[in-house]
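# Understanding the architecture of this molecule
Chain by chain, the residues:
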Amino acid sequence: MTGPAARYRGRFAPSPTGPLHAGSLVAALASWLDARAHGGRWLVRIEDVDTPRCVPGADAVILQQLAACGLVPDEPPAWQSARGALYQSALDRLVAAGRAYACACSRKDIEEALAALGRPRLRGREAPYPGTCRHGLRGRPARAWRLRVSHGCVEWHDRRLGPQRQDVAHEVGDFILRRADGLWAYQLAVVVDDADQGITHVVRGEDLADNTPRQLLLQQALDLAPPAYLHTPLVLAPDGEKLSKQNGAQPLDVRDPLACLNAAAAQLGLPPQHGAVPEALAAWVDSWPFLQSPGD
Ligand code: GLU
């Protein structure tokens, strides 16, 4: 095979904070179907950089749940915790290019700076960083590292949601690349890994869509080619929030994998299947609605 389909590389990138639940299987299934429908490869990356949130053994459980549902990666899974040297070298490049800077601010410093600027804290949302350390630390010790974000809208196309835009400087500000506790930020790790693993298509839950403009900015700053993005519908809990462990999502019971897959497929607008798992998956590949023609 030649052309884009031959190069397609997709991934599912769960954080091992617990077993998969009905919501996470939607993203897993969608990313697998998209890869198969394009004749591509499908990888699994365990995103265990936020170590305090990781649950020991959850990675193995997730891989077993995926396998029980017939979703087996084409290459050995990767663990972000083993890839710190790559993140460090990306940060070094950004610092050398003047794109990243050290930040000495604590949460309290940021709140005080925002209050002094008359910018109230928005409920449930972190206020944009006020840029205190953009021009130096003024003798204070470095705690974290941030990307310098310029004003202007980032525009991008989501394969399901259509045209999207965000003024990252206005809505998020200079965002964290390495946290004050020394842990790598999700944004940096995901951008470095997607590029290093040659990922051409990112398929993930819609709750992550508003991270995309930050990731596009980081790709530009690191001179990396952006993948195509498709954000899948979220499974909502009875309280209307995204289904998560916090609002009672149950671990996926893969003793009946077809039932789990049918529930996930329904979220993607795919019809229920009644045969064995491999046949069900093959039928959904055949009717996958998000097929991109070469050059899209
Ligand atoms: N690790 C992230 C999560 O589980 C997903 C990251 C991504 O797909 O970009 O929410």
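Note: the structure precedes this text.
So, here is what we can say about the structure in this document.

Cut-offs and rules
- Residues numbered from 1 in each chain as written.
- Predicted model: local features only at pLDDT ≥ 70, side-chain atom pairs only at ≥ 80, totals over all residues.
- Heavy atoms only, no water.
- Helix = DSSP H or I, 4+ residues; strand = E, 2+ residues; numbered from the N terminus.
- Contact = heavy atoms within 4.5 Å.
- Salt bridge = Lys/Arg side-chain N within 4 Å of Asp/Glu carboxyl O.
- Buried < 20%, exposed > 50% of the residue type's maximum accessible area, 1.4 Å probe, protein only.
- Core = buried A, V, L, I, M, F, W, Y, C linked by side-chain atoms within 4.5 Å.

## Quick notes on the environment of Thr-200
Looking at the secondary structure, you find Thr-200 in the loop between α7 (186-196) and β9 (201-205). Distance in space between the C-alpha atoms of Thr-200 and Arg-9 is 5.3 Å, their sequence separation being 191 residues. Here Thr-200 is in contact with Arg-7, Tyr-8, Arg-9, Pro-227 and Ala-228, once residues within four sequence places are set aside.

## Let's talk about the pattern of salt bridges
Summed over all chains, the structure comprises 19 salt bridges. Put simply, Arg-9 and Glu-75 hold a salt bridge, and the shortest N to O gap is 2.8 Å. Linking Arg-9 in strand β1 (residues 9-12) with Glu-75 in the loop between α3 (58-68) and β3 (78-79), this pair joins segments that are 66 residues apart in sequence. Residue Glu-75 is classed as partly exposed on the basis of its relative accessible area, which comes to 23%. Note that Arg-83 and Asp-196 form a salt bridge whose closest N and O atoms lie 2.8 Å from each other. Residue Arg-83 is located in the loop between β3 and α4 (84-96), and its partner Asp-196 is located in helix α7; the two are separated by 113 residues in the primary sequence. The exposure class assigned to Asp-196 is partly exposed, which follows from its relative accessible area of 45%.

## Quick notes on the nonpolar core
One broad trend across soluble globular proteins is that nonpolar side chains are buried collectively. Ranked by internal contacts, the top residues of the largest apolar core, which has 40 residues, are Leu-25, Leu-29, Leu-66 and Leu-71. Counting residues per element, the ones that place at least two in this core are α2 (22-37), β2 (41-46), α3, α9 (257-267) and α10 (277-286). Sort the elements by how many residues they give to this core and α2 lands first, with 9 residues. Among all residues touching Leu-71, those that are not within four sequence positions of it are Leu-25, Ala-28, Leu-29, Trp-32, Trp-42, Leu-66 and Leu-281.

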